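The chain contents come next:
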Amino acid sequence: MELRHLQHFVAVAEDRHFTRAAERLMVSQSGLSASVRALERELQAPLFVRTTRSVTLTEAGRALLAEAERILAQVRAAREAVAAVQGVLRGTLSLGTEQCIAGVDVARLLAGFRRRHPDVEIRLRQAGSGALAEEVAAGRLDLAFAVRTQADTDQLRSVPLTSEPMTVLCHPSHPLAGGGPVKPMDLGGEAFVDFHPDWGPRRTTDAAFAEAGVQRTVTLEVSDVHSLLELVHEGLGIAVVPRHYGYKREASTLVSLPVKGTAVYETVAMLPPHEATSPAARALMSLLRAGTGDGSRDA
């Protein structure tokens, strides 16, 4: 089994199309098809179901994809490690992050990283915490800043960044505005503005309400913080969000109320196992620790 066969297989799996994958890899379509067929012969199993319009993974293909992505990520990490020993950090830093994540200023961190390591190409992807965890575990991302969604595994570890309580944001004219701290059971009949279920704040809120045995209705689902704050500002619903959202300029006219209970928003840096962590990811974590004064954790 050759690395190029795995690279070709992963490209087709990602694009779900031989022609597009061939164009991206800058190889001929016939050569790409031959490479995938050679891999299928060696594994004695079909990897794709081919149609005239697209291709989909077979069960064997899905099983291979996760392992192929990890192998290619480890090969890349090995090459970059050799370059780092030679005194040059190069290659690619693939980073994922949730929007408005607490505990790290992503833009400033990446700017500092680029000044120190100009030969490293930075790639950034914004997504929900659940998806980011899967991407890191599969080797498609070097690391991600997200909300803790699961315990550490053999393929994924986490470095704590910060934690903070959740708060309720509401319009000043809302009946809750004149009160004090609230419990989930006080909010069961409210209309909520919230994020996609994969986002960390939504996961944190859902878990807190589930633990309290309270059902809630998310009537307005958004994909960015500013839209959420604008909808709450117009009195269309309330939102349960991490405390630092209340410090944003758009939230200056809203009322913030503490949430009683176990609703804690905990952010982490998600990384692969130590041996699979790329030199670029290690360098970024070192820079982050230096900026926060926390040098106690090993990236």
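As named in an unreviewed UniProt entry, the protein is LysR family transcriptional regulator, taken from Streptomyces yaanensis. One UniProt comment on the protein, placed under Sequence similarities (unreviewed entry), says "Belongs to the LysR transcriptional regulatory family."

Trainee: Could you give an account of the nonpolar core, naming the residues involved and the relevant values?
Mentor: In terms of nonpolar packing, the biggest core is built from 43 residues, with Phe 113, Leu 143, Phe 145, Leu 187 and Leu 284 touching the most fellow members. For Leu 284, the residues in contact, after removing those within four places along its chain, are Leu 93, Leu 95, Leu 109, Leu 110, Phe 113, Leu 143 and Phe 145. Membership of the second largest hydrophobic core comes to 19 residues, among which are Val 12, Ala 21, Leu 32 and Leu 39.

Trainee: How would you sum up the UniProt feature "domain: HTH lysR-type" (unreviewed entry) in the protein? Please name residues and give values.
Mentor: Mapped onto the present numbering, the UniProt feature "domain: HTH lysR-type" (unreviewed entry) falls at residues 1–58. Helix and strand shares over residues 1–58 are 62% and 10% respectively, and the end C-alpha atoms of the span are 19 Å apart.

Trainee: Can you tell me about unusual backbone geometry, naming the residues and giving the values?
Mentor: Even without a glycine there, the phi angle at Gln 44 is positive, about 55°. Relative to the helices and strands, Gln 44 resides in the loop between α3 (29–43) and β1 (48–50). Residue class for Gln 44 comes out exposed when judged on its relative accessible area of 72%.

Calculation criteria
Starting afresh in each chain, residues are numbered from 1 along the sequence in its written order. Only residues with pLDDT of at least 70 are given local features in this predicted model, and only at 80 or more are side-chain atom pairs given and counted; all residues enter the totals for whole chains, interfaces and linings. Computation of side-chain values covers all heavy atoms of the structure but excludes hydrogens and water. UniProt positions are given in the numbering used here, feature names are shortened, and annotations may be inferred rather than shown by experiment. Take the buried Ala, Val, Leu, Ile, Met, Phe, Trp, Tyr and Cys residues and link them wherever side-chain atoms come within 4.5 Å; each set so joined is a nonpolar core. Classification of residues uses two cut-offs on accessible area relative to the type maximum, computed with a 1.4 Å probe and protein chains only: under 20% is buried, over 50% is exposed, and between them is partly exposed. In this description, contact between two residues means that some pair of their heavy atoms is separated by no more than 4.5 Å. Put simply, DSSP H or I for four residues or longer makes a helix, DSSP E for two residues or longer makes a strand, and each gets a number counted from the N terminus.

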